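# Secondary and tertiary structure notes
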Amino acid sequence: MLLAIDIGNTTTGFAVIQKTGQIASVAIIDTDAKQGKIKAVIAKILKSQVISKAIICSVVPKASKTLEDILKKTIPVDIIGRDIRVPIKNRYKNPKQVGQDRLVGAYGAMKIYGCPLIVVDLGTAITFDVISPKGEYLGGAIVPGIRLSAESLFLKTALLPHIEIQAPRHIIGKTTQESILSGLFYGYGSLCKGMIDLLSSKLSFPPSKLSFPRKRESIRVVMTGGHTHLMKKFVSPKIRIIDEDLVFKGIHFLSLL
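Position labels on residues start from 1 in each chain and follow its written sequence. Residue-level local features of this predicted model are given only where pLDDT is at least 70; pairs of side-chain atoms are given and counted only at 80 or more, and the full residue set underlies all totals for whole chains, interfaces and linings. In computing side-chain values, all of the structure's heavy atoms are included and hydrogens and water are not.

Now for the nonpolar core. What we call a nonpolar core is a set of buried Ala, Val, Leu, Ile, Met, Phe, Trp, Tyr and Cys residues that are connected through their side-chain atoms within 4.5 Å. Residue burial is assigned from relative accessible area. The probe radius is 1.4 Å, only protein chains are included, and a residue is buried under 20% of its type maximum, exposed over 50%, and partly exposed in between. Residues Ile 80, Val 86, Ile 88, Val 104, Ile 131, Ile 251 and Leu 254 are the most contacted members of the largest nonpolar core, which totals 29 residues. Each helix corresponds to a stretch of at least 4 residues labelled H or I by DSSP, and each strand to a stretch of at least 2 residues labelled E; elements are numbered beginning at the N terminus. Put simply, the parts of the chain that give this core at least two residues each are β1 (2-7), β2 (11-17), β4 (53-58), α3 (100-113), β7 (117-122) and α7 (246-255). No other element matches α3, which puts six residues into this core.

Moving on to the pairing of β1. In terms of burial, β1 is largely enclosed, as five of its six residues are buried. Note: two strands are recorded as paired if DSSP finds a minimum of 2 bridges between them. Note: β1 against β2, six bridges, orientation antiparallel. In the sheet register, Leu 2 faces β2, and the bridge partner there is Ile 17. Taken together, β1 and the strand that follows it, β2, pair antiparallel across an intervening segment of three residues. Of the pairings in the sheet, the one linking β1 to β4 comprises six bridges and is parallel in character. Across the sheet, the residue bridging to Ala 4 is Ile 55, located in β4.

Strand pairing in a sheet relies on backbone hydrogen bonds, with the paired strands running either antiparallel or parallel. Taken in spatial order, the six strands make up an open sheet running β6-β9-β8-β7-β10-β11, and their pairing is mixed. Each edge of the sheet is formed by a strand with only one pairing partner; in this case those strands are β6 (89-90) and β11 (241-242). The pairing of β7 with strand β8 (residues 125-131) spans six bridges and is antiparallel. Bridging across to β8, Ile 118 finds its partner in Val 130.

Another point: the pattern of salt bridges. Only one rule defines a salt bridge in this text: a Lys or Arg side-chain nitrogen within 4 Å of an Asp or Glu carboxyl oxygen. In total, this model carries nine salt bridges according to the counting rule given. Linking Lys 53 and Asp 78 is a salt bridge whose minimum nitrogen-to-oxygen distance equals 2.8 Å. With Lys 53 in strand β4 and Asp 78 in strand β5 (residues 77-79), this pair connects stretches of sequence that are 25 residues apart. With relative accessibility at 28%, the residue Lys 53 sits in the partly exposed group. Linking Asp 69 and Lys 65 is a salt bridge whose minimum nitrogen-to-oxygen distance equals 2.7 Å. Of the two residues, Asp 69 and Lys 65 both sit in helix α2 (residues 61-71), four residues apart, roughly one turn of that helix. On the accessibility criterion, Lys 65 (47% relative accessible area) is partly exposed. What you see here is one network of salt bridges that share partners, running through Lys 65, Asp 69 and Lys 72.

This part is about α3. Under the convention used throughout, the expected extent of a helix is 1.5 Å for every residue step, that is, one less than its residue count. With 14 residues, α3 extends 19 Å between its outermost C-alpha atoms, agreeing within 8% with the 20 Å of an ideal straight helix rising 1.5 Å per residue. What α3 keeps buried is the set Arg 102, Leu 103, Val 104, Gly 105, Ala 106, Tyr 107, Gly 108, Ala 109 and Met 110. Contacts are residue-level and defined by heavy atoms, with any inter-residue pair within 4.5 Å sufficient. Where the residues of α3 are buried, they touch β4, β6, β7, β8, β9 (136-144) and α7. Just downstream of α3 lies Gly 114, where phi reads positive at about 85°.

Before going further, it helps to spend a moment on the confidence of the model for the protein. pLDDT: the predictor's confidence for each residue, scored from 0 to 100. In the predicted model, the protein carries a mean pLDDT of 91, and 94% of its residues have values of at least 70. A low-confidence stretch, residues 206-216 (pLDDT under 50), is modelled with four contacts involving residues beyond four sequence positions or located in other chains.

With that settled, the discussion passes to the packing of aromatic side chains. Centres within 6.5 Å are what make two rings of Phe, Tyr or Trp a pair, Trp counting through its six-membered ring; a difference in plane orientation under 30 degrees is then read as stacked, over 60 as edge-to-face, and the rest as tilted. Under the defined criterion, the tally for this structure stands at three aromatic pairs. Between the aromatic rings of Phe 185 and Phe 234, the centroid separation amounts to 5.3 Å while the plane-to-plane angle is 55°, which identifies the pairing as tilted. With Phe 185 in helix α5 (residues 176-202) and Phe 234 in the loop between α6 (228-231) and β11, this residue pair connects regions lying 49 residues apart in the sequence. For Phe 185, a relative accessible area of 0% corresponds to the buried category. The exposure class of Phe 234 is buried, given its relative accessible area of 8%. Ring plane angle 90° and centroid distance 5.0 Å describe the contact between Tyr 186 and Phe 234, whose orientation is recorded as edge-to-face. Taken as a pair, Tyr 186 in helix α5 and Phe 234 in the loop between α6 and β11 lie far apart in primary sequence, 48 residues in all. Note on Tyr 186: relative accessible area 28%, which makes it partly exposed. In this structure an aromatic cluster arises from ring pairing among Phe 185, Tyr 186 and Phe 234.

Laid out in structure tokens, this is it:
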């Protein structure tokens, strides 16, 4: 089996994936966890499953180096971007600026759901990635994520409190905490809808030169990321595909190359 590792700025996910692509188990820890805890999680996984290889997708180089050093004593390790290239045409002006997680998510979504496509990833940052009808990575947009925004309010203001991230009960907050949660969840939900509409308009197909109407190809929108389970009821109904394991699935597809 494959050990797929997704290292984000806030959390790191470990997924054990069978040859069929089915995810057998997932473990999540803080990316800045102590090395002892990291070793304990890895030891538990290796003890309970027969792992032939690990593949790391990371946006935190220091964390990926730590994990590689621990794992390579037991199993082979590949790092995406160094040992494995995501086979997608990257239209960024400087392709090296695109995080590997964005490319892996785009590749996984393209393989599963087809093109054209918009991937919304609700992580430390919220990213919007656009894949053309030809399967090209066109670019996208980045905004601060929910937790990052909440932390900024606490750190950069004198009176606003530190809050627990949880879904609001009402859109009209009756306390400061309720008001912050309403702003975060309903606000980001509206932001997602607006961005999807704007990005979709850029994927519109030119009018056909033929005399009969040309059938418009549907644009699929996929939502993934750590806050998916909290945000899915607040985002646009245009997001009909929810796939919290998208990056893990992308890593699995890369392991088959």
